[in-house]
Amino acid sequence: MMINPRNSVCRLFSAVLFALPSGCGRPLQPIGEDPPRVIGVNPDQVIDFGESVTVQFSAAMDQASLLRPGDPSASDTVVLVEKSHAAELMTALERQQLSARTRSLVLASTVEIAPAGNSLSLTPISPLYGNRDYVLLVGRHVRDARSRELVDERGNPATYQHVLLGKMPVPRRPPLLRFPPAGARQVPSNLHAILVDDNSGNVSLLGDDGSIFFTREEPSGARTILAPIHDGCTPLCPATRYTLLAGNQQPSDDDFFSTARCTSAQSTSFATDTAVVARDTGARITWKQSSPGVVRVESAASDPSGLARACLEQSSGDRCLTSDVSIVNCEPDVCSRNSDFNIACLGSITISDLRPSTDYSFRIVSEDYCGPPAISNPTVFRTLDQLPAVAITAVLNHSLAPDESSGEFIQVHVSGSETVDLCGLTLSLNGGGAHVLCGTAGPALLGPGKNAFVVGAAFDPATSPSIGDDLIIRAATGRLFGRGLPDQPEPRLTLATKTGVAISSYSGFGSCNPGVPIVRASAQSPDVATSWSCGDLNAQGE
């Protein structure tokens, strides 16, 4: 075997001088000989919604210098921060003095270090906002495995910073197809109806080859029902993909369904485990049925024997209330003869505009793929006594007060027309036990349109001048819930009656700057993240 002297010398030179047994073919100056520096960031310009950021180092790093002491899932030296706070946080990193205040500026992220130790990934716990600048900071005091601190491109000790722009999520047009459900692949070929959301009058169904299988012109409206496609239930072609085309819009990848190899022999039927969760002015009804369907619930404050006649006549007022339609989307194998899928389709719907403390009966009317509507037997339930119209409208879980316990609060607002005794309500944190709002015997009466602030016993009103003369309800402990409201993870709050009926909640929005409360747009807003924002108590809309 011929030995290349050049390769032998190269191997020996690398092994002796640089301790790199695979040094051939690489630059003579191996990675890691100079002090460590950042050689790459991915992504390097725009960070997508929920994306991780990876920092690549020129050498294997000392993991102890990257991780937060006592918490291997976080870092105090490699951090993400909003650009407006970057200068303050960089100063703290330079001094190696992260206080509770400066640490609160860090965007909470989980940390993962590569096995080789030469890269670190940060994954924000909460998705970043779009069209907002963020800065990645790597403190100069991070060290490599040889205890050398970070340097810049010129070899000078320096904290590294890199600006990223949060990417705006692209709004996705919802599918026009409602029933059968968009993307369904087990639709019986004896299809009876198509339900679409559509604001154009011309709706077409395209076959596999792009030819128009069916066209119907309807007046413009938000909901158009095409039924039947042909006379009765003339089958579509089996094992075929159909696409919906509305107006002049291009077909969407979402607006399609595919027929099964066979027709459906099942008729819609309802199981006996229909369940009702009643409130004072509404109820949520759940059930199981044997196939997908377009469903509505008809309810009346009357004897069940009169329900069928009243609802068939579509009487108005309290005699008959008809819900909006609900789409039961499920996809049993229609070609199977296994009876297990008879309970595969789960439906639920909410009916509203009911009266408190009233007996109601309801029935479920469902139209399946083919055939007449199936109507369940009437079921009777009773609505609850009228619940207090109180909502959580603001949360301050990160105060600027010197003592955190003297600044935290939860604001509640009475949106109804009746005065409410807040001492008859409870608050729970993160699914824990319920705490009575009042730390004293009470009562604590709050009138219509008024606000109150639930605080710890040590709360100092001077820390929140925007509270003004509003009612303050103090807990029995110095801090709310004993330990106060957490910053991370976000508090999840439920306001309920003493009997455990939830009347309002806060389930998370995102972090605000210290001293800035998280406020709900209005007391009537739903409990979703988009209903909340960082803001001013005085600017709340009611």
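Residues numbered from 1 in each chain as written. Predicted model: local features only at pLDDT ≥ 70, side-chain atom pairs only at ≥ 80, totals over all residues. Heavy atoms only, no water.

A.B. asks: Could you clarify how one ought to interpret the overall build of the protein in this entry?
C.D. replies: On a plain count of helices and strands, the protein comes out with 5 helices and 36 strands. Each of the 542 residues in the protein was classed as buried or not, and the buried ones make up 44%. In the protein, once contacts between residues fewer than 6 apart in sequence are set aside, the share between residues at least 24 apart is 63%. Accessible area for the protein stands at about 27300 Å²; split by element, carbon and sulfur atoms hold 51% of it. (Helix = DSSP H or I, 4+ residues; strand = E, 2+ residues; numbered from the N terminus. Buried < 20%, exposed > 50% of the residue type's maximum accessible area, 1.4 Å probe, protein only. Contact = heavy atoms within 4.5 Å. Areas by Shrake-Rupley, 256 points an atom, 1.4 Å probe, with all protein chains shown as cover.)

A.B. asks: Looking at this structure, how should I read the state of the cysteines?
C.D. replies: Among covalent bonds in proteins, the disulfide is the one between the sulfur atoms of two cysteines. All chains considered together, the criterion is met by 2 disulfides. Across a sulfur-sulfur distance of 2.0 Å, Cys423 and Cys438 are joined as a disulfide pair. Taking the sign of the S-S torsion, about -95° here, the bridge from Cys423 to Cys438 comes out left-handed. Of the two residues, Cys423 is situated in the loop between strand S27 (420–421) and strand S28 (425–429) and Cys438 in the loop between strand S29 (434–436) and strand S30 (445–446); the sequence distance between them amounts to 15 residues. The same class applies to Cys423 and to Cys438, which are both buried. Between Cys512 and Cys534 runs a disulfide, and the two sulfur atoms are separated by 2.0 Å. Classification of the bridge connecting Cys512 and Cys534 rests on its S-S torsion, roughly -95°, and on that basis the disulfide is left-handed. On the criterion of sequence distance, the pair formed by Cys512 in the loop between strand S34 (502–506) and strand S35 (518–520) and Cys534 in strand S36 (residues 532–534) is long-range, its members being 22 residues apart. Of the residues examined, Cys512 reaches a relative accessible area of 16% and is grouped as buried. (Disulfide = S-S within 2.5 Å.)

A.B. asks: So what exactly am I meant to see when it comes to the layout of surface pockets here?
C.D. replies: Summary: where empty space remains is shown by rolling a probe the size of a single water molecule over the atoms. Estimates place the volume of the second largest pocket at around 520 Å³. At the level of secondary structure, the elements contributing two or more residues to the lining of the second largest pocket comprise strand S17 (283–289), strand S25 (390–396) and S34. In terms of residues, the lining of the second largest pocket owes the most to one element, S34, which gives 3 residues. Tallied by class, residues from the lining of the second largest pocket come to 10 nonpolar, 9 polar and 5 charged. (1 Å grid on protein atoms, 1.4 Å probe; cavity = no way out; pocket = protein on both sides within 12 Å on 5 of 7 lines; lining within 4 Å. Points joined across faces, edges and corners; volume = space filled by probe spheres on them. Nonpolar A, V, L, I, M, F, W, Y, C, P; charged D, E, K, R; others polar.)

A.B. asks: What am I meant to see in helix H3 (residues 86–95) here?
C.D. replies: One turn of an α-helix holds 3.6 residues; hence residues three or four places apart share an orientation. Burial in H3 covers these residues: Ala86, Leu89, Ala92 and Leu93. Axial view of H3: buried residues confined to an arc of 130°, hence all on one face. Exposed and oriented more than 90 degrees from the buried face of H3 are Ala87 and Arg95. Here the buried face of H3 lies against strand S4 (78–82), helix H4 (100–103) and strand S7 (133–138). Gln96, located one to two residues past H3, shows a positive phi value of around 55°. (Arc of directions from axis to C-beta.)

A.B. asks: Even after reading the chapter, I still don't get the sheet that holds S17, so can you show me in this structure?
C.D. replies: Two strands in a sheet stick together by hydrogen bonds in their backbones, pointing the same way (parallel) or opposite ways (antiparallel). Taken in spatial order, the 3 strands make up an open sheet running S16-S17-S21, and their pairing is antiparallel. Each of the sheet's edge strands pairs with one partner strand only, and the pair in question is strand S16 (275–278) and strand S21 (345–351). Between one strand axis and the next, the sheet turns by 15° as a mean value, whatever way the strands run. (Pairing = 2+ DSSP bridges. Axes fitted to C-alpha atoms, helices over the stretch in contact; angles between N-to-C directions.)

A.B. asks: Mind showing me how you'd approach the environment of Asp133 here?
C.D. replies: Mapped onto the elements of the fold, Asp133 is located in strand S7. Those residues in contact with Asp133, other than ones at most four positions away along the chain, are Glu82, Lys83, Val163, Leu164 and Leu165.

A.B. asks: Looking at this structure, how should I read the side chain of Ser258?
C.D. replies: Its place among the elements puts Ser258 in strand S15 (residues 256–258). Once residues lying within four places of it in the same chain are set aside, the contact partners of Ser258 are Ala184, Arg185, Gln186, Val187, Thr240 and Arg241.

A.B. asks: Looking at this structure, I do not really get the sheet that holds strand S6 (residues 119–124). What am I missing?
C.D. replies: Taken together, 4 strands build an open sheet; the order of strands is S1-S3-S6-S5 and the sheet is antiparallel. The sheet is open, and its two edges are formed by strand S1 (38–42) and strand S5 (109–113), each paired on a single side. Neighbour-to-neighbour, the strand axes of this sheet turn through a mean angle of 20°, independent of strand direction.

A.B. asks: Can you help me understand the nonpolar core in this one?
C.D. replies: The nonpolar side chains of soluble globular proteins are, as a tendency, buried together. Counting 32 residues, the largest nonpolar core has Val390, Ile392, Ile410, Leu422, Leu493 and Leu495 as the members making the most contacts within it. Every residue in contact with Val390, bar those within four places of it in the chain, is listed here: Val412, His413, Val414, Val420, Leu422, Leu425, Leu495, Ile503 and Ser504. Core analysis: the next-biggest nonpolar cluster, separate from the first, contains 22 residues, Leu107, Val111, Leu120 and Leu136 among them. (Core = buried A, V, L, I, M, F, W, Y, C linked by side-chain atoms within 4.5 Å.)

A.B. asks: Can you help me understand unusual backbone geometry in this one?
C.D. replies: Note: most residues except glycine have negative phi, and most peptide bonds are trans. The omega angle of the peptide bond from Asn42 to Pro43 is -5°, so this bond is cis rather than trans. Tracing the backbone shows Pro43 in the loop between S1 and strand S2 (46–47). At Ser147, a residue that is not glycine, the phi angle is positive and equals roughly 65°. Of note, Ser147 is situated in the loop between S7 and strand S8 (160–166). On the basis of relative accessible area, Ser147 is assigned to the exposed category, the value being 52%. Residue Asp353 is not a glycine yet carries a positive backbone phi of 60°. Here Asp353 is to be found in the loop between S21 and strand S22 (359–367). Since its relative accessible area comes to 62%, Asp353 is described here as exposed.

A.B. asks: Can you walk me through the pairing of S28 in this structure?
C.D. replies: For a regular strand, side-chain orientation follows a simple rule: the groups alternate between the two sheet faces. Of all the 5 residues making up S28, 5 are buried; the element is thus mostly covered by neighbouring parts of the structure. Covered by surrounding structure in S28 are Leu425, Leu427 and Leu429 together with Thr426 and Ser428, the residues of both alternating faces. As judged from the 5 bridges shared by S28 and strand S33 (residues 493–497), these two strands associate in the antiparallel manner. Of the residues in S33, the one forming a bridge with Leu429 is Leu493.

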